[in-house]
Amino acid sequence: MHGVNILVVDDNATNRDILTSQLALWGANATSVDSGPRALKMLLEAAAVQQPFQLALLDWHLPIMDGLSLAKAIQSDRRIPKPAIIMLSSENVSFQPERSHEYGISFFLNKPVFQQRLLNCLRETLAQDKVAEPELSQTGKPTSAARLRGRILVAEDNLVNQEVVKSFLENMGCSADVVNDGEAAVLAAGRRDYDLILMDCHMPVMDGFSATLKLREQEAAAGKRRVPVIALTATCKKASRTNARRRRWTAI
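Quick caveat, the model's predicted, so the values are computed rather than measured.

Novice: Explain helix α3 (residues 67-76) here, please?
Specialist: One turn of the α-helix equals 3.6 residues, which is why residues spaced by three or four share an orientation. Three or more residues of α3 are buried, namely Gly 67, Leu 68, Leu 70, Ala 71, Ala 73 and Ile 74. For α3, the secondary structure elements touched by its buried residues are β1 (5-9), α2 (36-48), β3 (55-59), β4 (84-89), α4 (100-103) and β5 (105-110). Measuring from the side-chain oxygen of the N-cap residue of α3 to the backbone nitrogen of Leu 68 gives 3.3 Å; that N-cap residue is Asp 66.

Novice: Honestly, the pairing of β4 in this entry has me stumped. Any pointers?
Specialist: Here is the key point about a regular strand: its side chains alternate between the two faces of the sheet. Where burial is concerned, most of β4 is hidden: 6 out of the 6 residues are buried. The two faces of β4 match: Ala 84, Ile 86 and Leu 88 on one face and Ile 85, Met 87 and Ser 89 on the other face are all buried. As defined by bridge partners, β3 adjoins β4 across 5 bridges and the pair is classed as parallel. Looking at the pairing, Ala 56 lines up with Ile 85 of β4. The handedness of the β3 to β4 crossover, carried by α3, is right-handed.

Novice: Just checking my understanding: could you explain the side chain of Asp 181 for this structure?
Specialist: In this fold, Asp 181 is placed in the loop between β7 (175-179) and α7 (182-191). Summary of buried charges: Asp 181 has no salt-bridge partner, and the nearest side chain of opposite charge, Arg 191, is 10 Å away. At 2.8 Å, the side chain of Asp 181 and the backbone nitrogen of Ala 184 are in polar contact. Discounting residues that sit within four places of it in the chain, Asp 181 has contacts with Met 203, Pro 204, Val 205 and Met 206.

Novice: Any chance you could explain the environment of Leu 19 here in plain terms?
Specialist: Here Leu 19 shows up in helix α1 (residues 13-25). Assessed through its relative accessible area of 9%, Leu 19 is described here as buried. For the pair Leu 19 and Val 9, spaced 10 residues apart in the sequence, the C-alpha separation amounts to 9.9 Å. Aside from chain neighbours lying at most four places away, what touches Leu 19 is Val 8, Leu 57, Leu 88 and Leu 118.

Novice: Explain the pattern of salt bridges here, please?
Specialist: Should the charged atoms of two oppositely charged side chains come close, the side chains can pair. All chains considered together, the criterion is met by 8 salt bridges. Of the charged contacts, one joins Arg 38 and Asp 34 as a salt bridge, the two residues approaching to 2.9 Å between their closest N and O atoms. In this structure, a network of salt bridges that share partners links the residues Asp 10, Asp 59 and Lys 111.

Novice: I would appreciate a short explanation of the packing of aromatic side chains in the present structure.
Specialist: The geometry of an aromatic ring pair is captured by two quantities: the separation of the ring centres and the angle between the planes. Inspection of the entire model under this criterion finds 1 aromatic pair. Their ring planes at 45 degrees and their centres at 6.1 Å tell us that Trp 60 and Phe 108 sit as a pair that is tilted. Pair noted here: Trp 60 is in the loop between β3 and α3 and Phe 108 is in strand β5, with a separation of 48 residues, a long-range link.

Novice: Please explain unusual backbone geometry as it appears in this structure.
Specialist: The phi angle of most residues is negative, glycine excepted, and most peptide bonds adopt the trans form. Backbone geometry places Ile 64, a non-glycine residue, at a positive phi of 70 degrees. The backbone of Val 205 sits at a positive phi, close to 70 degrees, despite the residue not being glycine. Within the secondary structure, Val 205 sits in the loop between β8 (196-200) and α8 (208-222).

Thresholds applied
- Residues numbered from 1 in each chain as written.
- Predicted model: local features only at pLDDT ≥ 70, side-chain atom pairs only at ≥ 80, totals over all residues.
- Heavy atoms only, no water.
- Buried < 20%, exposed > 50% of the residue type's maximum accessible area, 1.4 Å probe, protein only.
- Helix = DSSP H or I, 4+ residues; strand = E, 2+ residues; numbered from the N terminus.
- Contact = heavy atoms within 4.5 Å.
- Polar contact = N/O pair within 3.5 Å; in protein donor to acceptor, adjacent residues only side chain to side chain.
- Pairing = 2+ DSSP bridges.
- Right-handed = clockwise from strand over helix to strand, strands pointing away.
- Lys, Arg positive; Asp, Glu negative; His and termini not counted.
- Salt bridge = Lys/Arg side-chain N within 4 Å of Asp/Glu carboxyl O.
- Phe/Tyr/Trp six-rings, centres within 6.5 Å; stacked < 30°, edge-to-face > 60°.

Function-wise, these values are silent; they only describe arrangement.
Set out below in structure tokens:
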């Protein structure tokens, strides 16, 4: 997806943020707008500077101009280089699949959109429309996908979870150290610099809340940067037993 220009059209701000963030993680240049008219304006502006959108993710239920009307407007405007279109909908829609080509629609996806399903659709669409060719190495073979780099500390007392998380991180290209409780996490962070800490909320010896507070005190005393901490929990209720604890966790 590296360098592919993708336009996201959805009137829901949360949906736009989720989609654009995910596309950016995959290397795409993602831009979002909240309506059909603004989408047409954006497509025209991109064409004017010779940076057209190769793909467009359109929500079916848009105000003023729904997704189908927008797709039709895109196809009928000769000034717009035609992007491949993926239509998103939160409910079943009445549409004749054989007319998809007429509207430039490559796929229909139901919301909520699962990441792997979206990625598969994007890949297949790019392959069909030849929007992007695989980058070739000097040997003529496709290069491997871009990988993440960084050292991550995983604080988790469950052995199975430890193995699963560590495996995921290493498959993405990260180095991962694992500890069994919050106290060990604080000690590990004091000995080595980490790019990120995945902190289980509920562990023996010292839980994730207390460990993160201790970590922040340790960083402040040493004049070190604040390492990002992502809280992990099996249940939201356990992670927010009281309003005071919620406020406390948010603050750190």
